[in-house]
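# Tertiary structure, described
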Amino acid sequence: MIRSRTTRAAATALALALFGPALAAGGQQTPTPAAPVTPKLEAYKRETDAAVDRLKDFTQQMVDQVFSFAEPGFQELESAKYLTRILETHGFTIERNYAGIPTAWVATWGSGKPVIAIGSDLDCVPASSQKPGVAYHEPLVEGAPGHGEGHNSGLPLSITAAIAVKEIMARDKISGTLKIWPGIAEEMVGAKAFYVRAGLFKDVDISLYSHVGQNFGTGWGSGTGTGLQGVRYTFTGESAHSASQPWRGRSALDAVELMDIGWNFQREHLRLQQRSHYVITDGGAQPNVVPSTATVWYYLRETDYEHIKELRGIADRIAGGAAQMTGTTVTTRLTGSAWLAHMNKTVAETIYANIEAVGLPTWDEADQTLAKGLQRELKQPEIGLPTTIQPLRGDIPPDQNYGGGSDDIGDISWNVPTATLNYPANIPNLPGHHWANAVAMATPIAHKGTTAGAKVQARTILDFLLRPELIEQAWTYFRDVQTKDRKYQPLIGPDDRPAIDINAELLTRLRPAMRTFYYDPTKYKTYLDQLGVKYPTVRPAPPIPPSNGGQ
Ligand SMILES: [Zn+2]
């Protein structure tokens, strides 16, 4: 990554003009400690706080609208159309069909350095349709996808923050470019490596990512979790009548089952850090037809590039064995990939200072009742919503990382200084990828948490626009610490393409029923109003059992 000294000098000159020598004194050759936040920058931050507050109904509408679209990976058509229209109205230029993904786009506003990328995910989770504000399972459309992770709130946060900041940038002629991008098909880790390959981040100075959480939080270094490759193994055999001439058939489903058996025996001999799981997406049509094709979809998770590649090699070998045993052939298709993220220390510390300044939203009794009602429903401790902020997370040595989930923000984090803002828009102690994770996501809990998150994001954007020494520091960490001994190599090959067809059939089938639940903000102030949900709706607490009263 080549960094431009001249543009950095220009940014410093601008800071000098705006803030005087104290701020602009940041070293150009070696990073110096960050200058304190000047009164002027502090005033700007208070101004964006107020602007985000003024935008809270606009933010709520976006959160509710995207929730109601409930589109799974690569099918975020309505969500993309809706959000890009809003961004265009606010003066952003949209590049559509980004990286060959029909639902992907990049929205750009402003000019010159620094270039700040602001991203968050957009897709939802299969089979997690749920009526918001109701603390027990009640799908809107049975079997349909739903926002059972909460990705409906991230881009509303990013867009609100960017609008608040750009008003100041335009008025006071502050140099800088804002680039907003959507995390398409994050549940498949399906897009971000392709964004990197398409060059989205090649002139970006700082990347700010946000992800829904149950509290405010951020961290730096290598965290817990995994990277992964998603791979579909498709076996092809020969069909035959399963009863009259079964000897003429070669079953692709047999191959899938043998591959899964092989993998499950292999697990004993894999590192403790690995996580792997599969679903059979094609197991044949009906029992009296020997399945001529069958497909099993694996997520192969490990903690670094070499181990992910090694795991993939083992899975390919077992698939080959299953094909040999059954006289079938096998092909593979990559559906997504992710590096384990490494977050930037300077970016995380900058975010954290703004988290401390903004503080958690004020939860009211209705919010706490919904949270505790859902926790009770799931037999979890009834801790309600958080009232204190988590500490800043630091680096976790690889030998203490025992795996977990993956996010393709990892690929971006290895290309440009990046950190994730987790914001408090969901309820603690939920299982994840589940209808319960959708319950809060179009209620005041999500609305307040997204507004609070947008304030933090706006403040952080201002820091990187106006304190150029922070950008220098972030790149020094990136170059001298993070990428000193490890360089990014994509887990996608030159011939791999985004798996844009996945979920298309599912959504074509379910979209008509889902469409009747799209939110109409011209008629209803909130989505809860439209659905007629009383907030909060919880099962009554169980009565306290009567005591035996002794003998
Ligand atoms: Zn997510």
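Position numbers for residues start from 1 in each chain and track the written sequence from start to end. The model is predicted, so local features are restricted to residues of pLDDT at least 70 and side-chain atom pairs to those at 80 or more, both for listing and for counting; the totals for chains, interfaces and linings are taken over all residues. No hydrogens and no water enter the side-chain calculation; it runs on all heavy atoms of the structure.

## A look at the sheet that holds strand β3 (residues 115-121)
A strand pair is defined by DSSP finding two or more bridges across the two strands. Only DSSP runs of H or I covering at least 4 residues are called helices, and only runs of E covering at least 2 are called strands; the numbering of each starts at the N terminus. Spatially, the six strands line up as an open sheet ordered β1-β2-β4-β3-β5-β12, and their pairing is mixed. Edge positions in the sheet fall to β1 (93-96) and β12 (418-424), since each of these pairs with one other strand and no more. Direction aside, the axes of adjacent strands within the sheet are offset by 20 degrees on average. In this structure, strand β2 (residues 105-111) lies alongside strand β4 (residues 176-183), joined through five bridges in antiparallel fashion. Bridging from a neighbouring strand, T108 pairs with K179 of β4. For helices, the axis comes from a line fit to the C-alpha atoms of the stretch in contact; other axes are also lines fit to C-alpha atoms, and the angle between any two N-to-C directions lies between 0 and 180 degrees.

## Some words on the packing of aromatic side chains
A pair of aromatic rings is counted whenever rings of Phe, Tyr or Trp (Trp by its six-membered ring) have centres within 6.5 Å, and the orientation is called stacked for planes under 30 degrees apart, edge-to-face for over 60 and tilted otherwise. Under the defined criterion, the tally for this structure stands at 17 aromatic pairs. Considering the side-chain rings of W220 and Y477, the 6.2 Å spacing of their centres and the 85 degrees angle between planes classify their relative orientation as edge-to-face. Within this pair, whereas W220 is found in the loop between β5 (206-213) and β6 (221-222), its partner Y477 is found in helix α14 (residues 468-482), the two being separated by 257 residues in sequence. Take Y477: its relative accessible area is 10%, and that puts it in the buried class. Ring centres 5.0 Å apart and planes at 35 degrees place the aromatic pair Y278 and Y298 in the tilted group. Classification of residues uses two cut-offs on accessible area relative to the type maximum, computed with a 1.4 Å probe and protein chains only: under 20% is buried, over 50% is exposed, and between them is partly exposed.

## A look at unusual backbone geometry
K113 connects to P114 through a cis peptide bond whose omega is -5 degrees. Within the fold, P114 resides in the loop between β2 and β3. Note that the residue after Y535, namely P536, is joined by a cis bond; omega there is -10 degrees. Considering the arrangement of structural elements, one finds P536 in the segment after α16 (527-531). The backbone phi angle of K173 is positive, close to 55 degrees, even though this residue is not glycine. Along the chain, the position of K173 falls in the loop between α6 (154-172) and β4. You will see that N503, though not glycine, has its phi angle at about 80 degrees, which is positive. Tracing the backbone shows N503 in the loop between α14 and α15 (504-515).

## As for the packing of helix α3 (residues 39-54) against α6
The N-to-C vectors of α3 and α6 enclose an angle of 130 degrees; their axes lie 9 Å apart at closest approach. Looking at the two axes, α3 sits oblique to α6. Read as a crossing pair, α3 and α6 show a hand that is right-handed. For the pair formed by α3 and α6, the contact residues are Y44, E47, T48, A51 and V52 on the first element and T160, A164, V165, I168, R171 and D172 on the second. In terms of residue class, the contact of α3 with α6 is built from six nonpolar, two polar and three charged. Oblique is the label for any angle not under 35 degrees, not over 145, and not in the 65 to 115 range, which are roughly parallel, roughly antiparallel and roughly perpendicular in turn. Left-handed describes a crossing in which the near helix is turned anticlockwise from the far one by less than a right angle; the clockwise case is right-handed. Contacts are residue-level and defined by heavy atoms, with any inter-residue pair within 4.5 Å sufficient. Amino acids outside the nonpolar list (Ala, Val, Leu, Ile, Met, Phe, Trp, Tyr, Cys, Pro) and the charged list (Asp, Glu, Lys, Arg) are all regarded as polar, and Gly is one of them.

## A closer look at helix α9 (residues 305-326)
For a helix, the expected span equals 1.5 Å multiplied by the number of residues minus one. Here α9 contains 22 residues, and its C-alpha end-to-end distance of 32 Å stays within 8% of the 32 Å for a straight helix at 1.5 Å per residue. Among the residues of α9, those classed as buried are Y305, I308, L311, R312, I314, A315, I318, A319, A322, A323 and T326. Buried residues along α9 sit in contact with β7 (227-236), α8 (252-266), β9 (293-302) and β10 (329-338). Directly beyond the C-terminal end of α9, a positive phi value near 65 degrees is found at G327.

## So, the environment of E377
In this fold, E377 is placed in helix α11 (residues 365-377). Residues E377 and V538, spaced 161 residues apart in sequence, show a C-alpha to C-alpha distance of 8.7 Å. Residues within four places of E377 in sequence aside, it is in contact with A135, Y136, W435 and R539.

## Brief notes about α15
Across its twelve residues, α15 extends 15 Å between first and last C-alpha, which sits within 8% of the 16 Å expected from 1.5 Å per residue. The set of residues buried in α15 consists of L507, L510, R511 and M514. Buried residues of α15, seen end-on, are gathered within an arc of 140 degrees and therefore sit on one face of the element. Residues of α15 that are exposed and angled more than 90 degrees away from the buried face: E505, T508, R509 and P512. By arc we mean the arc of the directions from the helix axis to the C-beta atoms, nothing more.

## Comments concerning the confidence of the model for the protein
Looking at any residue, its pLDDT shows the predictor's confidence there, from 0 to 100. Of the residues in the protein, 93% have a pLDDT of 70 or more, and the chain-wide mean is 93. Here residues 1-29 scores under 50 on pLDDT; set against residues more than four positions off or in separate chains, the count is 51 contacts.

## Some remarks on the nonpolar core
With 139 residues, the main nonpolar core has I180, Y195, F201, Y233, F235 and M259 as its most contacted residues. We define the nonpolar core as a collection of buried residues of types Ala, Val, Leu, Ile, Met, Phe, Trp, Tyr and Cys that are connected through side-chain atoms lying within 4.5 Å of one another. With 14 residues, the next largest nonpolar core counts A371, L430, W435 and V439 among its residues.

## So, the coordination of the zinc ion
Of the protein atoms, only E149 (OE), H151 (NE2) and H211 (NE2) coordinate the zinc ion, at distances of 1.9 to 2.0 Å. Ligating atoms shown are N, O and S within 2.8 Å of the metal, or 3.2 Å for Na, K and Ca, and water is not included, meaning a site may look less than complete. Each donor residue of the zinc ion lies on one chain, and together they are spaced E-x1-H-x59-H. Residue E149 is found in the loop between β3 and α6, and its partner H211 is found in strand β5; the two are separated by 62 residues along the sequence. Comparing E149 with H211, the two get one shared label, buried.

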